[in-house]
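# Coordinate analysis (summary)
Residues per chain, in single letters:
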Amino acid sequence: MWLGGVISNVHSLGTKLLHAVNQFSSQPSSSSSPASESHQIETELKNLMDLLMRIKATLNDAEEREIRDESVKLWLKELKGVAYDAEDVLDEYNYEVLRAQVEARNASLKGKLIQMPYEMLDRIQQIRSKFAEINQHRIALQLSEEEAPRRRQHNDQQIVPTSHMVVESNIIGLQRKKEELINVLCSENHDDKISVVTIVGTGGIGKTTLAQLVYNDIRIKKTFDEFGWVCVSEDFNVQKITKEIIECITGISCSLENLSVVQKNISESVRDKRTFLVLDDVWNEKQNLWETFLVPFMLASVVKILVTTRNETVARIMQTMPTFNLGYYMSKEQSWQLFQHYAFGEAIRNTDSNLVQIGKKIVKKCGRLPLAVKSIACLMRHEPNEESWREILESQLWESDARNEIFQPLEISYARLPTYLKPCFLYCSMFPKDYYYDTKELVKLWIAHGYVQNSGSKNAEMVGWEYAKQLLQRSLFQSSYVYRGDKFHFTLHDMVHDLARSISGHGCYSIEDVTNLDFGEELYHLYIDSSQIFVGCPLSSPSEKFTTLRTLFVYNYGWTTGLMREVQKLRALKLVGCVSLQNYPFINLKHLRYLCLEKLEFNKIPEGIFSIFNLQYLTLRFCEDLTELPQCIGDLINLNELTIKHCEQLRVLPVSLCQLNALKELTLVSCSIKELPHDTGNLTNLQLLRIRDTKVSYLPSSLNKMIRRIQTLDVHLKCITIGWLKHFIDLDGTLIISDIRSYNLEDIFCVNLACMHNLQCLKLSWMSFHFDKETFENHLDNNSLKILPDIHERKIILIRYDKGDSFGL
């Protein structure tokens, strides 16, 4: 369950609404909503929030008992339904408050009276009544309110550094296997052009870890020219796997759809090259699929493929060399070494200490499985005292009817998570196995659902990153070793994914095969990515089940218009490669916080999107026909981040963009935009400005008044002249100006580069040099600046030699 996050969000929404009610109460009453009713609403909200905090205090105890107590499981299910209803109702009223603010601003009405929505008091009373009834059931179930505060006290401690993770190979006994594998893979004593080595072992034994150690070894890097890593899982889709290998080799997203074209592309990429591939977690037993996959690699000079699998039949089908069998268990000594490393770190422990003795008993319960031992050890590292260790040793979850012995320690690791991390972890179960999670996107999704708590001076994105780091440190997340652009990605081990899916119940689904759909009773978060759509598919005729959806990710479908009419409670929506948006009813998505539109066919964004006043994150990518943004974009009063990438036809930004007072990040990449609006400096909360591959040739002078507030400046411009730079003495960050066409030295000197002390990196490049270089160098020398030599004779990279600061690389 992720009830802690939902109830926290309900409480936050109630607080915001209470503030709005107080504002209303301070103004003259209106006939439609008298001050007495406003006072009643205020009282009901206060009582509701007090009740919510009492219920929330019991959730740790309830979630531990849920696994073995059906009555508690039913209580949590009932609570979840009411909590979601309450979240929707309060969010609707907050939406009305935002709409009133937008209308007042657009009409230039200062201090406009915000009308209390009709029936607001009745609906809040109904919510409080339902929660009060559920609270009585809590009392009957004897759920404790005392456990959560004590746990929270030690779970919020400082994060433990994670540098130890790089020496894992020396801890769990894989070093010898690693050396044997590398010797085999680097050997030339094989006649086959394509050689396949398989690693076989049970889930959690360390197959992927061993493959990662081999993949990243310097000897492998020196032996091969091209590299690819693909997590295959149950679906051995030849086209999909081949496309992922292309992306690994080229570093560029592959949008090819025809298998023969995809295979031709990879053939050219590996032609006459030594190629090394890892296929992780393979289940395919069909010889014909394997043979089809291998066809395009025949043009390579040498291909070595390392396969990990739990299935010995798979190994026999694929291998051309002997199997490396990791078996089922580590030795007792290796299990204890692994536990010590993650539980104690570099600390020296007395072998007779109570913690050591308790730790050995815990390791015994883990069944000598690396994943189980590592996860429980990471948990113990965050537990501060002997009492906590004994609680874990004696937990009844060790006796739960789990499907396998790994689940028991994983369940305990989950149960002991801080409350704020539980919804963030469970949310990941919406995505398919072997999914590469983009951490930045995931944090935005957590924020959209209200899972990230406020933390003083830190913004929500920073707090969300801390959550991800904590889950990584607790071994529930795994770092990704695969090239995925400039973003930080992580993955979930299959067993950890199974754990998250089992605890989250039937609310999370990922669909890659639409031929067999069974959503169960609940449906809150849905991910769809399959090319198997057909007429009569259950998804093409949406039912009432979709009305509860709060997240919807859809890739490559044309039936989503009908579905969109059913989903009015969404907090997050991502559409990739779907049909035109012109008829989409976006106006109904009052609750939406996160919207990503990618590879869609439209030249103008439906204006209904800009009445989503709650929207915080808007991303437009690869929308090649998009030519304009409507003026009403300025109505997105809560928008924190606007990202526009690879929209080649977009030429103009509306002036209303400057009304986005909440905007923190603005990214413009690969567009035809010629200039920023004149009043861009009114974006007083802007913290990141990124401009690349556009036609923008200067920054508006209005930015100068707030340029120091921008924490990240990443601007690449093509200019006729740099004279405008004289307005940006306080410029901070990175500035790259290319293709400068003005050769007037006075124009250059007036910029006064010597006074731009805050620049971290400055690169200026001219079409060609036509002025007196000696005069230019003398000017720089007089201002404590020197020009670095450049082989092309047309680029200036500056350093400040009085401080030794580099102004360019």
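Our subject is the structure that appears above.
Because the structure is a prediction, the values reported are computed rather than measured.

### Quick notes on the overall build of the protein
- A tally of regular secondary structure across the protein gives 25 helices and 23 strands.
- Buried positions account for 56% of the 809 residues belonging to the protein.
- Within the protein, counting contacts between residues at least 6 apart in sequence, those at least 24 apart form 64% of the total.
- Summing over all exposed atoms, the protein offers an accessible surface of approximately 34700 Å²; the carbon and sulfur share of this is 47%.

### Quick word on a negative patch on the surface
- On the surface, Glu 601, Glu 624, Asp 625, Glu 648 and Asp 693 cluster together into a negatively charged patch.
- In this fold, Glu 624 is placed in the loop between strand E14 (617–621) and strand E15 (641–645).
- With relative accessibility at 51%, the residue Glu 624 sits in the exposed group.

### Considerations on the pairing of strand E11 (residues 551–555)
- With respect to burial, E11 is a largely interior element, five of its five residues being buried.
- Burial of E11 is two-sided: the residues Thr 551, Phe 553 and Tyr 555 facing one way and the residues Leu 552 and Val 554 facing the other way are all buried.
- Alignment of E11 against strand E12 (residues 572–576), held across five bridges, turns out to be parallel. By the bridge assignment for E12, Thr 551 is matched with Ala 572.

### Quick notes on the layout of surface pockets
- Here the second largest pocket defines a volume of roughly 930 Å³.
- If you go around the second largest pocket, you meet 33 residues; those closest to its centre are Asn 9, Ser 12, Lys 16, Asn 454 and Gln 616.
- At the level of elements, helix H1 (3–25), helix H2 (35–56), helix H4 (70–106), helix H20 (439–448) and helix H21 (460–473) are the ones that each hand at least two residues to the lining of the second largest pocket.
- The residue makeup of the lining of the second largest pocket, split by class, is ten nonpolar, 17 polar and six charged.

### Quick notes on the packing of helix H10 (residues 238–250) against helix H11 (residues 259–270)
- The geometry of H10 relative to H11 is characterised by a closest axis approach of 10 Å and an angle of 35° between their N-to-C directions. Of the two elements, H10 crosses H11, and the hand of that crossing is left-handed. Listed contacts from H11 to Val 238, Gln 239, Thr 242, Lys 243, Ile 245, Ile 246, Ile 249 and Thr 250 of H10 are Leu 259, Val 262, Gln 263, Asn 265, Ile 266, Ser 269 and Val 270.
- The class makeup of the residues in the contact of H10 with H11 is eight nonpolar, six polar and one charged.

### Overview of the side chain of Glu 87
- In this structure, Glu 87 sits in helix H4.
- Excluding residues that lie within four positions of it along the chain, Glu 87 makes contacts with Val 6, Asn 9, Val 10, Leu 13, His 449, Arg 550 and Arg 571.

### Re the state of the cysteines
- Overall, the coordinates contain zero disulfides when judged by the stated rule.
- Of all cysteine sulfurs in the structure, the one in Cys 647 sits closest to Cys 623, which takes part in no disulfide; the separation is 4.7 Å.
- Free cysteine Cys 671: the closest other cysteine sulfur is in Cys 647, separated by 5.6 Å.

### A closer look at helix H7 (residues 175–186)
- The end-to-end C-alpha separation of H7 is 16 Å, in line with the 16 Å expected for twelve residues at 1.5 Å each.
- Inspection of H7 places Lys 177, Lys 178, Leu 181, Ile 182 and Leu 185 among the buried residues, and these make up the whole buried set. Taken end-on, H7 shows its buried residues confined to a sector of 130°, consistent with a single buried face. Counted as exposed and oriented over 90 degrees from the buried face of H7: Arg 176 and Asn 183.

### Comments concerning the pattern of salt bridges
- In this structure the tally under the stated criterion is 24 salt bridges.
- Taking the shortest distance from any N to any O, the salt bridge between Arg 128 and Glu 44 comes out at 2.5 Å. A residue pair is termed long-range when its members are at least 10 positions apart, and Arg 128 in helix H5 (residues 120–141) and Glu 44 in helix H2 qualify at 84 residues.
- The exposure class of Arg 128 is partly exposed, given its relative accessible area of 27%.
- Across the salt bridge formed by Asp 217 and Arg 219, the nearest N and O atoms sit 2.8 Å from each other.
- The class of Asp 217 is buried, set by a relative accessible area of 8%.
- Several salt bridges share partner residues, and in doing so they unite Glu 87, Asp 88, Asp 91, Arg 550, Lys 569, Arg 571 and Arg 593 into one network.

### Description of the packing of aromatic side chains
- Within this structure, the stated rule accounts for 30 aromatic pairs.
- Grouping aromatic residues by their ring pairs yields a cluster made of Tyr 427, Phe 431, Tyr 435, Tyr 437, Tyr 451, Phe 477, Phe 490, Tyr 527, Phe 553 and Tyr 555.
- Taking NZ or CZ as reference, Arg 274 lies 5.6 Å from the ring centre of Phe 224, over its face.
- Taking the ring centre of Trp 336 as reference, the NZ or CZ of Lys 360 above it sits at 5.6 Å.

### A short note on the sheet that holds strand E7 (residues 478–479)
- Pairing within the open sheet is antiparallel, and its three strands lie in the order E6-E8-E7. Looking at the sheet topology across the chains shown, the edges are occupied by strand E6 (437–438) and E7.
- Where E7 lies against strand E8 (residues 489–491), two bridges are found, and the strand directions are antiparallel. In the strand pairing of E8, Ser 479 is matched with Phe 490.

### A short note on H10
- Between its first and last C-alpha atoms H10 spans 18 Å; for 13 residues at 1.5 Å apiece the expected length is 18 Å, and the two agree.
- Buried within H10 we find Val 238, Gln 239, Ile 241, Thr 242, Lys 243, Glu 244, Ile 245, Ile 246, Glu 247, Cys 248 and Ile 249.
- Those residues of H10 that are buried are in contact with strand E2 (226–233), H11, strand E3 (274–282) and helix H12 (287–294).
- Capping of H10 at its N-terminal end is provided by Asn 237; its side-chain oxygen lies 3.2 Å from the backbone amide nitrogen of Gln 239.
- One or two steps after H10, the chain reaches Gly 251, where phi turns positive at roughly 75°.

### Quick notes on unusual backbone geometry
- Phi at Asp 434 takes a positive value of approximately 65°, unusual for a residue other than glycine.
- Turning to its location among the elements, Asp 434 is positioned in the loop between helix H19 (422–427) and E6.
- According to the relative accessible area criterion, Asp 434 is buried, its value standing at 15%.
- If you check the backbone angles, Lys 599 has positive phi at about 55° while not being a glycine.
- Structurally, Lys 599 is set in the loop between strand E13 (594–598) and E14.
- With relative accessibility at 34%, the residue Lys 599 sits in the partly exposed group.

### Observations regarding the environment of Thr 551
- Its place among the elements puts Thr 551 in strand E11.
- Take Thr 551: its relative accessible area is 0%, and that puts it in the buried class.
- The spacing of Thr 551 and Leu 523 is 28 residues in sequence and 9.6 Å in space, taken between C-alpha atoms.
- Sequence-distant contacts of Thr 551, defined by excluding residues within four places in its chain, comprise Tyr 427, Met 430, His 449, Tyr 524, His 525, Leu 526, Leu 570 and Ala 572.
- Here the side chain of Thr 551 touches Tyr 427 through a polar contact of 2.9 Å, side chain to side chain.
- Reaching out from Thr 551, the side chain makes a polar contact with the side chain of His 449 at a distance of 2.7 Å.

### Some points on the sheet that holds E3
- The five strands are arranged E2-E3-E4-E1-E5 in an open sheet whose pairing can be described as parallel. Strands at the two margins of the open sheet, each flanked by one partner only, are E2 and strand E5 (324–327). Looking at each pair of strands side by side, their axes are set apart by 15° on average, direction ignored.
- By the bridge criterion, three bridges tie strand E1 (residues 194–201) to E5 in an arrangement that is parallel. Residue pairing for E5: Gly 201 is matched across the bridge by Gly 327.
- Across the sheet, helix H8 (residues 207–215) lies against E1, E2, E3, strand E4 (302–309) and E5, angled at about 170° from E2, the strand it touches most.

### What to know about the side chain of Ser 375
- With respect to the secondary-structure elements, Ser 375 resides in helix H16 (residues 370–381).
- Judged by relative accessible area, which is 0%, Ser 375 ranks as buried.
- Among all residues touching Ser 375, those that are not within four sequence positions of it are Pro 409, Leu 410, Ser 413, Arg 474 and Ser 475.

Thresholds, definitions, all that
- Residues numbered from 1 in each chain as written.
- Predicted model: local features only at pLDDT ≥ 70, side-chain atom pairs only at ≥ 80, totals over all residues.
- Heavy atoms only, no water.
- Helix = DSSP H or I, 4+ residues; strand = E, 2+ residues; numbered from the N terminus.
- Buried < 20%, exposed > 50% of the residue type's maximum accessible area, 1.4 Å probe, protein only.
- Contact = heavy atoms within 4.5 Å.
- Areas by Shrake-Rupley, 256 points an atom, 1.4 Å probe, with all protein chains shown as cover.
- Patch = residues over 30% accessible without salt bridge, like charges linked within 9 Å, V, L, I, M, F, W, Y side chains within 5 Å.
- Salt bridge = Lys/Arg side-chain N within 4 Å of Asp/Glu carboxyl O.
- Lys, Arg positive; Asp, Glu negative; His and termini not counted.
- Charge placed at Lys NZ, Arg CZ, Asp CG, Glu CD.
- Pairing = 2+ DSSP bridges.
- 1 Å grid on protein atoms, 1.4 Å probe; cavity = no way out; pocket = protein on both sides within 12 Å on 5 of 7 lines; lining within 4 Å.
- Points joined across faces, edges and corners; volume = space filled by probe spheres on them.
- Nonpolar A, V, L, I, M, F, W, Y, C, P; charged D, E, K, R; others polar.
- Axes fitted to C-alpha atoms, helices over the stretch in contact; angles between N-to-C directions.
- Left-handed = near helix turned anticlockwise from the far one by under 90°.
- Disulfide = S-S within 2.5 Å.
- Expected span 1.5 Å × (residues − 1).
- Arc of directions from axis to C-beta.
- Phe/Tyr/Trp six-rings, centres within 6.5 Å; stacked < 30°, edge-to-face > 60°.
- Lys NZ or Arg CZ within 6 Å of the ring centre and 35° of its normal.
- Polar contact = N/O pair within 3.5 Å; in protein donor to acceptor, adjacent residues only side chain to side chain.

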